[in-house]
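Below, each chain spelled out in residue letters.
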Amino acid sequence: MTQSVTREDFDTWMVPLYAPAPFIPDRGFGSRLWDKEGKEYIDFAGGIAANALGHAHPALRQALEQQAAKLWHTGNGYTNEPILRLAKQLIDATFAERAFFCNSGAEANEAALKLARKYGHDRGGPEKSAILAFDRAFHGRTLFTVSAGGQPAWSRDFAPLPPDIHHVPYNDLEAAAKLIDDRTCAVIVEPVQGEGGVIPARREFLAGLRERCDRHDALLIFDEVQTGVGRTGSLYAYMHYGVTPDVLTSAKALGGGFPVGAMLTTDVIGRTLGVGTHGTTWGGNPLAGAVGGRVLELVNTPELLEGVRQRHQHFITRLQAINARLALFREIRGLGLLIGCELRPEYAGQAKTILRAAAAEGLMMLVAGPDVLRFAPSLIIDEQDIDEGLERFEHACRNVVGEGRL
Ligand SMILES: *Cc1c(COP(=O)(O)O)cnc(C)c1O
């Protein structure tokens, strides 16, 4: 018999790392989701930018179920066809010539940073170890990636941290250029800072980093865990900017909701990690390969990517109209279907209050820090779901404003 459980059990049984919503999601289809009581939600959270094709997409289900009936896991003493096909799809679609697979964004960045240290040491000796990262960046929660992250609140409790990682303000090329020299092995940057507040890079910033990295034989790592796989309206955001990294990390949308991460790089750089220098038990398993392959096939079409850009425009237009009525936001920004609304200073710190009010109205969404509301819905969300979701959003905002909680 299945034990009955409630949301309160979370507070008793789980390590209290999260503060989940008061309801328990039960099933989803497309951009709609129902909780255990049968209440319906429109999903603008997209599993934190992971459910690129919504919930229970028939083609993804088919890929998963077909592979589940054949082979789940062998470990990396054996390769498998689904993961080789996914590698080739990614190579054909991007600058990359080699791929490494893992299970999450943090693992992909961990691999990228380890690759960069070894590449630096192989080429420049033990001194070539400096890593440049940016304030407010988010790269994951392993010790190395949380240290590269730009929020001390996420890392300081776990000191001592890996040394020789330096931070400067995002989009500040001058500050970055001062710290990039022959001792630098890598610069790691998000083309759009996601968790840090949905802040797009300026093109000249990324181009300038590219130029400095070339000059000093440092690897330029683009963390595209959140921006990758169609999220910005390009397959990867580097294509939108026209600045090509040496190493690119992808996860979130790559599995469409199934855990998979990838690090992509060139042939020469990839050869740095020879047999036995790095690895993972689950990374590159056939289930992840089969699902990721189908996701990429469906996302990497001109029609789908154009659809993301159209939905962006629709979202922005509607959000601006809401803002014209409520005057809540100082800025509405983002690329594709990664959209942020920064609250005006008088509402600072209230993003979570609005998120909770939205849940009560039947809308799932995200925040990016205390002052930014974030939307990362399915890339194929219906226009009707967008409109209805934004109506619920406006209700939630009005409720909060009306109650004088803002
Ligand atoms: C989510 C995220 C990560 C971490 O990915 P996990 O799968 O949670 O480990 C890393 N970088 C960026 C930019 C992200 O948005």
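So, how was this worked out
- Residues numbered from 1 in each chain as written.
- Predicted model: local features only at pLDDT ≥ 70, side-chain atom pairs only at ≥ 80, totals over all residues.
- Heavy atoms only, no water.
- UniProt positions renumbered as here; feature names shortened; annotations may be inferred.
- Pairing = 2+ DSSP bridges.
- Helix = DSSP H or I, 4+ residues; strand = E, 2+ residues; numbered from the N terminus.
- Axes fitted to C-alpha atoms, helices over the stretch in contact; angles between N-to-C directions.
- Contact = heavy atoms within 4.5 Å.
- Buried < 20%, exposed > 50% of the residue type's maximum accessible area, 1.4 Å probe, protein only.
- Salt bridge = Lys/Arg side-chain N within 4 Å of Asp/Glu carboxyl O.
- Expected span 1.5 Å × (residues − 1).
- Arc of directions from axis to C-beta.
- Polar contact = N/O pair within 3.5 Å; in protein donor to acceptor, adjacent residues only side chain to side chain.
- Core = buried A, V, L, I, M, F, W, Y, C linked by side-chain atoms within 4.5 Å.
- Domains from an automatic or database assignment.

As named in an unreviewed UniProt entry, the protein is Acetylornithine/succinyldiaminopimelate aminotransferase, taken from Jejubacter calystegiae. Its UniProt record gives the protein the following Sequence similarities (unreviewed entry) comment, quoted word for word: "Belongs to the class-III pyridoxal-phosphate-dependent aminotransferase family. ArgD subfamily." The UniProt entry for the protein carries the following comment under Function (unreviewed entry): "Involved in both the arginine and lysine biosynthetic pathways."

A. Highlighting the sheet that holds strand β6 (residues 165–168). Taken together, the 7 strands give an open sheet; going across it, the order is β4-β12-β11-β10-β7-β5-β6, and neighbouring strands pair in mixed fashion. Unpaired on one side and paired on the other, β4 (98–102) and β6 mark the two borders of the sheet. Pairwise comparison of adjacent strand axes, ignoring direction, gives a mean angle of 20° for this sheet. Bridge analysis of strand β5 (residues 130–134) against strand β7 (residues 184–189) gives 3 bridges, and the strand direction is parallel. Bridged to Leu132 within β7 is Val187. Contacts from helix α4 (residues 81–93) reach β4 and β12 (261–265), with the element oriented near 130° to β4. Of the strands in this sheet, β4, β5, β6, β7, β10 (219–223), β11 (247–250) and β12 touch helix α5 (residues 105–124), which is tilted by about 175° from β10.

B. Region of interest: the pairing of β12. When you tally the buried positions in β12, you get 5 out of 5 residues, the bulk of the element. Neither face of β12 is open: one carries Gly261, Met263 and Thr265, the other Ala262 and Leu264, and all of them are buried. Pairing of β4 with β12 involves 5 bridges; the strand directions are antiparallel. Bridge assignment links Phe101 to a residue of β12, and that residue is Ala262. As paired elements, β11 and β12 share 4 bridges and run antiparallel to each other.

C. Inspection of the pattern of salt bridges at higher detail. All told, the structure shown has 29 salt bridges when counted by the stated rule. Among the ionic pairs, Asp92 bridges to Lys88, the shortest N-O distance being 2.8 Å. A residue pair is termed a helical-turn pair when its members lie 3 or 4 positions apart in one helix, as Asp92 and Lys88 do in helix α4 at 4 residues. With relative accessibility at 55%, the residue Asp92 sits in the exposed group. The partner of Glu388 in a salt bridge is Arg392, and the shortest N-O contact between them spans 3.1 Å. Taken together, the positions of Glu388 and Arg392, both in helix α15 (residues 383–402) and 4 residues apart, correspond to about one turn of that helix.

D. Here's a closer look at α4. In this model α4 runs 18 Å from its N-terminal to its C-terminal C-alpha over 13 residues, within 8% of the 18 Å that 1.5 Å per residue would give. Within the span of α4, buried status applies to Pro82, Ile83, Leu86, Ala87 and Leu90. The buried side chains of α4 occupy one side of the element, clustering within an arc of 140° when seen end-on. Of the residues in α4, the exposed ones pointing more than 90 degrees away from the buried face are Glu81 and Asp92. Structurally, α4 contributes buried residues whose contacts are with α3 (58–68), β4, β12 and α12 (286–299). One side-chain oxygen of the residue at the start of α4 lies 3.0 Å from the amide nitrogen of Ile83, identifying that residue as Asn80.

E. Layout of the nonpolar core. Core analysis: the largest hydrophobic core is formed by 86 residues, its most contacted members being Phe134, Leu209, Leu373 and Phe393. Of all the elements, helix α13 (residues 302–326) adds the most residues to this core, at 8 residues. Of the residues that make up this core, three or more belong to each of domain 1 (7–57 + 302–402) and domain 2 (71–299). When near neighbours in sequence (up to four residues on either side) are disregarded, Phe393 contacts Leu319, Ile322, Phe329, Ile354, Leu363, Met365, Leu373 and Phe375. Cys102, Ile165, Ile188 and Leu219 belong to the second-largest nonpolar core, a separate cluster that totals 22 residues.

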